[in-house]
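A look at the structure
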Amino acid sequence: MKNNIRVLRKELRLRQEDVAKMVGVTRQTIIAIENGRYNPTLELAIKLAILFDTPVEEIFHLEE
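Computed from a prediction, not measured in an experiment: that's the story for all the values here.

What follows is about the nonpolar core. When a protein is soluble and globular, its nonpolar side chains tend to lie buried together. Counting 15 residues, the largest nonpolar core has Ile5, Leu48, Phe52, Ile59 and Phe60 as the members making the most contacts within it. Of all elements in the fold, only helix H1 (5-11), helix H2 (16-23), helix H3 (27-34) and helix H4 (42-52) reach the threshold of two or more residues within this core. Residues contacting leucine 48, with those up to four places away along its chain left out, are Ile5, Val19, Val23, Ile30, Ile33, Ile59 and Phe60.

See the structure below:
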């Protein structure tokens, strides 16, 4: 699954560590999500959507 986490994070001038603390995960989890190596749980995806004020379906999308 692809995502726009890195772009959204940089638009808000947040570090990976900042995002991790705000949603209650480790920095390594954010790195793995950004690199497409980890698909977040629904709960984490919703927390990220709230943080970035963006619908989940605009953050995460299936690869074609």
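Moving on from the model shown.
Right, let's get into a nonpolar patch on the surface. Together, Leu42, Ile46 and Ile50 make up a nonpolar patch on the protein surface, roughly 330 Å² of accessible area in all. In this fold, isoleucine 46 is placed in helix H4. Judged by relative accessible area, isoleucine 46 falls into the partly exposed class, the value being 39%.

Our focus in this paragraph is the packing of H2 against H3. For the pair H2 and H3, interaxial distance at closest approach is 8 Å and the crossing angle is 110 degrees. It follows that H2 is roughly perpendicular to H3 by the angle criterion. Taking contact as the criterion, the partners of Gln16, Glu17, Val19, Ala20 and Val23 in H2 are, on H3, Arg27, Ile30, Ile31 and Glu34. A class-by-class count of the residues in the contact of H2 with H3 yields five nonpolar, one polar and three charged.

Reading the values: rules and limits
- Residues numbered from 1 in each chain as written.
- Predicted model: local features only at pLDDT ≥ 70, side-chain atom pairs only at ≥ 80, totals over all residues.
- Heavy atoms only, no water.
- Core = buried A, V, L, I, M, F, W, Y, C linked by side-chain atoms within 4.5 Å.
- Buried < 20%, exposed > 50% of the residue type's maximum accessible area, 1.4 Å probe, protein only.
- Helix = DSSP H or I, 4+ residues; strand = E, 2+ residues; numbered from the N terminus.
- Contact = heavy atoms within 4.5 Å.
- Patch = residues over 30% accessible without salt bridge, like charges linked within 9 Å, V, L, I, M, F, W, Y side chains within 5 Å.
- Areas by Shrake-Rupley, 256 points an atom, 1.4 Å probe, with all protein chains shown as cover.
- Salt bridge = Lys/Arg side-chain N within 4 Å of Asp/Glu carboxyl O.
- Axes fitted to C-alpha atoms, helices over the stretch in contact; angles between N-to-C directions.
- Parallel < 35°, antiparallel > 145°, perpendicular 65-115°, else oblique.
- Nonpolar A, V, L, I, M, F, W, Y, C, P; charged D, E, K, R; others polar.

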